[in-house]
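Per-entry structural report
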Amino acid sequence: MEFVVEEGKRVHEECSTLILPALSIGNVGQLAVDLLVSSTAAERVGYLDDLNLLPCVGNDAYGPLPCGDLALPLEVYESSSTAITLAQQRSPVAKGMMIKFAENIAEFAASSGKKDVIVLSSLDFQRLHNLDLSRGPQVYYLSNTESDGRDDHCERLGFGRLGEFDSEGRCWKYLSSVFDKNSKEDLTFPSEDELEDIDYYPSLPFAALFSAFKARGLKVTCLLCYCSEGDNIPDAFLLAEAASKLTGLTPDKFHGEEGGKWRIPYSWKSMYGAPPDMSMF
Amino acid sequence: MEDVLTENPPPSRFFQEDLNNFASPPPEPLPSPFIVFSNPKPELPLKPSLLIIALSSPSLYIFHTLPSKTLIGTLIIPELPFSGNTVEPSLQDKSCNIYSLSDNNNNNNSVLLVSVQLPVPPERSNLVSRLLVGQDIVPARVIILDSIQSRNFRGRLSPDEALAAKLETSSEKKAAATSRLSLDYFPSGSVIDGLSASLLSRCQLKNIRGTLVVSWPEFDPSVVRFVGALLKSIVPSLDIKSVDKDLEKYSSRTGLKRDAWLDSDLYT
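Within each chain, residue numbers correspond to sequence positions counted from 1 in written order. Each chain gets a letter, beginning with A, and each ligand a number, beginning with 1, in the order they are written. Given that this is a predicted model, residues contribute local features only at a pLDDT of at least 70 and side-chain atom pairs are listed and counted only at 80 or more, while totals for whole chains, interfaces and linings are drawn from all residues. Think of the side-chain values as coming from all heavy atoms in the structure, minus any hydrogens and water.

Turning to the packing of aromatic side chains, a few remarks are in order. Classification of ring pairs rests on two measures: the distance between centres of Phe, Tyr or Trp rings, Trp counted by its six-membered ring, which must be within 6.5 Å, and the angle between planes, read as stacked under 30 degrees, edge-to-face over 60 and tilted in between. Under the criterion given, the structure shown has 13 aromatic pairs over all chains. Between Y174 of chain A and F22 of chain B, the aromatic rings sit 6.1 Å apart at their centres with planes inclined by 70°, giving edge-to-face as the arrangement. Residue Y174 of chain A is located in helix α4 (residues 170–179), and its partner F22 of chain B is located in the segment before β1 (34–37); the two belong to separate chains. Grouping residues by exposure puts Y174 of chain A and F22 of chain B together as buried. One aromatic cluster is present, built from ring pairs that chain together F165, W172, F206 and F210 of chain A. Lysine NZ or arginine CZ positioned within 6 Å of the ring centre and within 35 degrees of the ring normal marks a charge as sitting over the ring. Sitting over the ring of Y99 of chain B, K69 of chain B keeps its end group 5.2 Å from the ring centre. For the purposes of this entry, the term helix denotes a DSSP run of H or I that reaches at least four residues, the term strand denotes a run of E that reaches at least two, and both are numbered from the N terminus. Exposure categories follow from relative accessible area, calculated using a 1.4 Å probe and restricted to protein chains: below 20% of the type maximum is buried, above 50% is exposed, and the middle band is partly exposed.

A cis amide bond links L44 of chain B to the next residue, P45 of chain B, at an omega of 0°. Mapped onto the fold, P45 of chain B is located in the loop between β1 and β2 (50–54). A cis amide bond, omega 5°, links W216 of chain B with the succeeding residue P217 of chain B. Positive phi outside glycine occurs at A41 of chain A, with the angle close to 55°. With respect to the helices and strands, the residue A41 of chain A is situated in the loop between α1 (28–39) and β3 (43–49). The backbone of N207 of chain B shows a phi angle near 55°, a positive value even though the residue is not glycine. Assessed through its relative accessible area of 45%, N207 of chain B is described here as partly exposed.

Residue and element names in this part refer to chain B. Along the chain, pLDDT gives the predictor's confidence residue by residue, from 0 to 100. Averaged over every residue, the pLDDT of chain B is 83; the share at 70 or more is 82%. Taken together, the stretch residues 254–268 has pLDDT below 50 and engages in 21 contacts with residues farther than four places along the chain or on a different chain. Predicted complex metrics record ipTM = 0.90 and pTM = 0.89. The criterion used for residue contact is that any of the two residues' heavy atoms lie within 4.5 Å.

This next bit is on the pattern of salt bridges. Between Lys or Arg on one side and Asp or Glu on the other, a salt bridge is scored when a side-chain nitrogen of the former is within 4 Å of a carboxyl oxygen of the latter. Within this structure, the stated rule accounts for 22 salt bridges over all chains. Connected via shared salt-bridge partners are E6, K9, R44, E75 and R90 of chain A.

Below, the structure written as structure tokens:
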């Protein structure tokens, strides 16, 4: 994976926290990063070029009006006022190459001096076993602070620890071993046919990213929410808000609309396609 | 009407295998694509002032009718069979031929044309684009001609209303306005994927002037005329007289061409 600095831009050394999405149901992580980029007025500083990422291009996603700035599959944004780096991924990883991709992006994070990584992802609502509606929408987390995934700061913020994380589970152990260069364990690649329900969580991209960043010695926190396919904008707001709390971003760091916190990206206007053809009525 | 349970999800949604860390990778790494140049082999890398890459049906048709081009090479993707291809280049071939156009000063290889007449798998697009931009060929400027992909377009596409739009690299945007293509930008919120996206990304990463022009409908004589006029404005010496002459045959041909790509393996 090669990091290409955009012409005329520079990397801010003080940006030691990296926030990035993991591909997931409803594209929630990506939508949340869109919100954070747009609302903190983060500036694109470069691109990440990886052979394992499928290609896509588009017009500027953030606006206020699209001016023809080209959008690429994996871009890096920074805001020196927030000391945060945001990476936005717009296209999927080639089938079967997620582990390699996670390894590459962890290498980028480590070599560019990142210390903290926050991965934003969603989970299939059908997998949620203990639904507690009294608390409202819940953000879950997984951290490498403790071996059971627990982190005091996340607990104080009211996030729920992902109870399904089992560091001794077959697939979690495989992910740990495959990214750990010093691992002496020779575990076999779990075949798709052998996967069971408990393997759902470690089979998701966020788990590969978590394990890869952990192996590079970075502090990594995954923020997760359960959702279904549909209008996932509220889920994006939930995760973006959780990320801003976790990183301690104060309201003055945001450049929202009408004095508020959030600025809706321009590209969201057509997220669900063109309006219906009214001439048929 | 498509079955809503089994039809492909819209492109922002994923198949389960797209989100599976344990999806099987390809069993063996495939051999890399490569370019074979004609004899005598030119000195590499080629450095044309302009590289024009045709992916859309109208642009492929125009390239095929151009009289004054010389075949100088072909790009091979090893896993794609070219059974059924003819000795002489044909619109029905599954091929990726590279041609040179002599300019008015008879400078060979000043303008190169690439006719992409084979379905490049998305996961191979990055390797192909590296060959065409930055490896065997290092162009000063790139124009890519493709069709709007309705599955990725968030606006409304009418089958009887032609439209065209562009995306440019930063280097192209900085160039003199008179040298740039006068087209509206592709709307924000829609995306383009596949080989044309990979090619334009490559240009952006390499700081090369690059423009991707996408047109609609995919098969239409009016789009052929538009693309012909566009190419003429970029390369004034281009002889596109034969494009209009055979345009009446184009509509009947395009149906055959679309079917040829899908079905040709059955009949070879």
